[in-house]
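# Breakdown of the fold
Residue-level listing of the chains:
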Amino acid sequence: MTSLQTPAIPEHSLDRDCTTLSRHVLQQLQSFSPEAQDLSAIMNRIALAGKLVARRLSRAGLMADVLGFTGETNIQGESVKKMDVYANDVFISVFKQSGLVCRLASEEMDKPYYIPENCPIGRYTLLYDPIDGSSNVDINLNVGSIFAIRQQKEDDLDGEGNDLLKDGQEQIAAGYIVYGPSTMLVYSIGHGVHSFLLDPSLGEFILAQENIKIPDHGPVYSTNEGNFWQWDDAIRDYTRYVHRHEGYTARYSGALVGDIHRILMQGGVFLYPGTVKKPEGKLRLLYESAPLAFLVEQAGGKASNGMKRILDIVPDKLHARSPLVIGSKEDVSLVESFIQDHQRRANGN
Ligand code: P6P
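### Considerations on the overall build of the protein chain
A tally of regular secondary structure across the protein chain gives eight helices and 15 strands. Taking 2.2 N^0.38 as the reference for a compact globule, 349 residues should give roughly 20 Å; the C-alpha atoms of the protein chain span a radius of gyration of 21 Å, in line with that estimate. Summarising its shape, the C-alpha atoms of the protein chain cover approximately 75 × 55 × 45 Å along the three principal directions. Of all 349 residues assigned to the protein chain, the portion counted as buried reaches 52%. Taking as baseline every contact in the protein chain between residues at least 6 positions apart, the subset at least 24 positions apart corresponds to 63%. Surface summary for the protein chain: the accessible area is close to 15,800 Å², and the carbon and sulfur share equals 51%.

### Let's talk about the pairing of strand β9 (residues 194-199)
Along a regular strand, successive side chains alternate from one face of the sheet to the other. Looking at chain direction, strand β8 (residues 183-188) and β9 are connected through four bridges and run antiparallel. Considered in β9, the bridge of methionine 184 is made with leucine 197. Note: β9 against strand β10 (residues 204-209), five bridges, orientation antiparallel. Across the sheet, leucine 197 pairs through a bridge with isoleucine 206, a residue of β10. Taken together, β9 and the strand that follows it, β10, pair antiparallel across an intervening segment of four residues, in which glycine 203 is found at a positive phi of about 70°.

### Section: the state of the cysteines
Scanning all chains against the criterion turns up one disulfide. The residue that forms a disulfide with cysteine 102 is cysteine 119, at a sulfur-sulfur distance of 2.1 Å. Its S-S torsion of about 90° marks the bond between cysteine 102 and cysteine 119 as right-handed, since a negative value means left-handed. A residue pair is termed long-range when its members are at least 10 positions apart, and cysteine 102 in strand β3 (residues 101-106) and cysteine 119 in the loop between β4 (113-114) and β5 (124-132) qualify at 17 residues. You can call cysteine 119 buried: its relative accessible area is 16%.

### Here we look at the site of the ligand
Around the ligand, a shell composed of 13 residues is seen, among which Asp132, Asn224, Tyr252, Leu256 and Tyr272 lie nearest. Take tyrosine 252: an N or O atom from its side chain is 2.5 Å from an oxygen atom of the ligand. Contacts to the ligand include lysine 282, whose side-chain N or O atom sits 3.0 Å from an oxygen atom. Within the complex, 81% of the 400 Å² of free accessible area of the ligand lies under protein. Each residue belonging to the shell around the ligand can be placed in one class, and the counts come to six nonpolar, three polar and four charged.

### Some remarks on the packing of aromatic side chains
Within this structure, the stated rule accounts for eight aromatic pairs. Centre to centre, the rings of phenylalanine 228 and tryptophan 229 are 4.9 Å apart; their planes meet at 85°, and the pair counts as edge-to-face. Residue phenylalanine 228 is classed as buried on the basis of its relative accessible area, which comes to 12%. For the pair tyrosine 241 and tyrosine 248, a centre-to-centre distance of 6.2 Å together with 70° between the ring planes defines the contact as edge-to-face. Note on tyrosine 248: relative accessible area 22%, which makes it partly exposed. Grouping aromatic residues by their ring pairs yields a cluster made of Tyr238, Tyr241, Tyr248 and Phe338.

### What to know about the sheet that holds strand β6 (residues 143-151)
Strands sit in the order β4-β3-β5-β6-β7-β8-β9-β10 across an open sheet of eight strands; the sheet is mixed. Edge strands, defined here as strands with exactly one partner in the open sheet, are β4 and β10. Along the sheet, helix α4 (residues 82-95) contacts β3, β4, β5 and β6; its crossing angle with β5, the most-contacted strand, is approximately 155°. Against the sheet, helix α6 (residues 256-266) engages β5, β6, β7 (171-179), β8 and β10, with an angle of about 105° to β7.

### Digging into the sheet that holds strand β11 (residues 220-222)
Reading across from one edge, β12-β11-β13-β15-β14 is the order of the five strands in this open sheet, with mixed pairing throughout. Of all the strands in the sheet, just β12 (249-250) and β14 (302-304) have a single pairing partner and so form its edges. Bridge analysis of β11 against β12 gives two bridges, and the strand direction is parallel. Bridged to valine 220 within β12 is threonine 249. Its contacts with the sheet put α6 on β11, β13 (268-272) and β15 (324-327), and the angle it makes with β13 is roughly 155°. Its contacts with the sheet put helix α7 (residues 285-298) on β14 and β15, and the angle it makes with β15 is roughly 30°.

Calculation rules
- Residues numbered from 1 in each chain as written.
- Predicted model: local features only at pLDDT ≥ 70, side-chain atom pairs only at ≥ 80, totals over all residues.
- Heavy atoms only, no water.
- Helix = DSSP H or I, 4+ residues; strand = E, 2+ residues; numbered from the N terminus.
- Rg over C-alpha atoms; globule rule 2.2 N^0.38 Å.
- Buried < 20%, exposed > 50% of the residue type's maximum accessible area, 1.4 Å probe, protein only.
- Contact = heavy atoms within 4.5 Å.
- Areas by Shrake-Rupley, 256 points an atom, 1.4 Å probe, with all protein chains shown as cover.
- Pairing = 2+ DSSP bridges.
- Disulfide = S-S within 2.5 Å.
- Near = heavy atom within 4 Å.
- Polar contact = N/O pair within 3.5 Å; in protein donor to acceptor, adjacent residues only side chain to side chain.
- Nonpolar A, V, L, I, M, F, W, Y, C, P; charged D, E, K, R; others polar.
- Phe/Tyr/Trp six-rings, centres within 6.5 Å; stacked < 30°, edge-to-face > 60°.
- Axes fitted to C-alpha atoms, helices over the stretch in contact; angles between N-to-C directions.

Here you go:
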């Protein structure tokens, strides 16, 4: 190449800036088939939703009617934040007139929401938590969106979404968007875990890191120790162990996505065990734990309810909850070993 043809910008950075999410999906699948194009388009719409939510969050303190509560209570019995409603509607709106997603199931909606014009063609279902950790919104701390994509294989005759009550191996894609100092989308379609950073000057998510691998062990344990006296003995003994041994440090933000992102990048374990009041724990299986378990396993980590692999658990209802232990293989196994020891003692072994 002559000096005249030498690109002003090194080739790789231009190519990198053009590696958008939709292109990356097609690269991952090595295919331009209709299914690959569908998945690429779906991910592109999720990216659009992320941009819209990020824009609203960045102005939250300056605009009326963004912060605070709506006065409603959702199916979870939780007070609904205005940002929850906005983000929930954003994910619906970006899929209208898309021919892609026929149905959306969300933490904020009792039943799945159908987009009729898409249903004859697109048989995909989006399961999502539009704003996870919304209690952080009003204090300008990180929050996140969590999503999973499934293929609808049978009719949902009563519209209750009972055909969704299948294990997490039905997921064909999953990920999250973390709204922090920058907005980052982390996803997997079963070919590794990859992150994209929103470049506000471009209005595009640009490839940041490919094939993210979670360390087999990390120093962080992330849990709400305020629940200590509500935990069973096995979890209390685990907590005492990390208190007494060098090399552990507690980090807990109150927003699942931020805590998981830290562990994905640096290693460690997040746990939300069952409590006396909530034996099933607080986190929802279909649109929180299962998507994150899909992602963490793709990154070489592990996710269970303390005894059973999250991706093997079949929910009994749309908003089913499950205890969650997720993160680095060795650290999840350590938590599980305390539970197994207590079970053996309880069984007199
Ligand atoms: P606690 C937020 O409400 C959330 O669903 C997760 O984002 C977070 O990890 C958890 O609940 C925090 O719950 O009981 O520790 O306040």
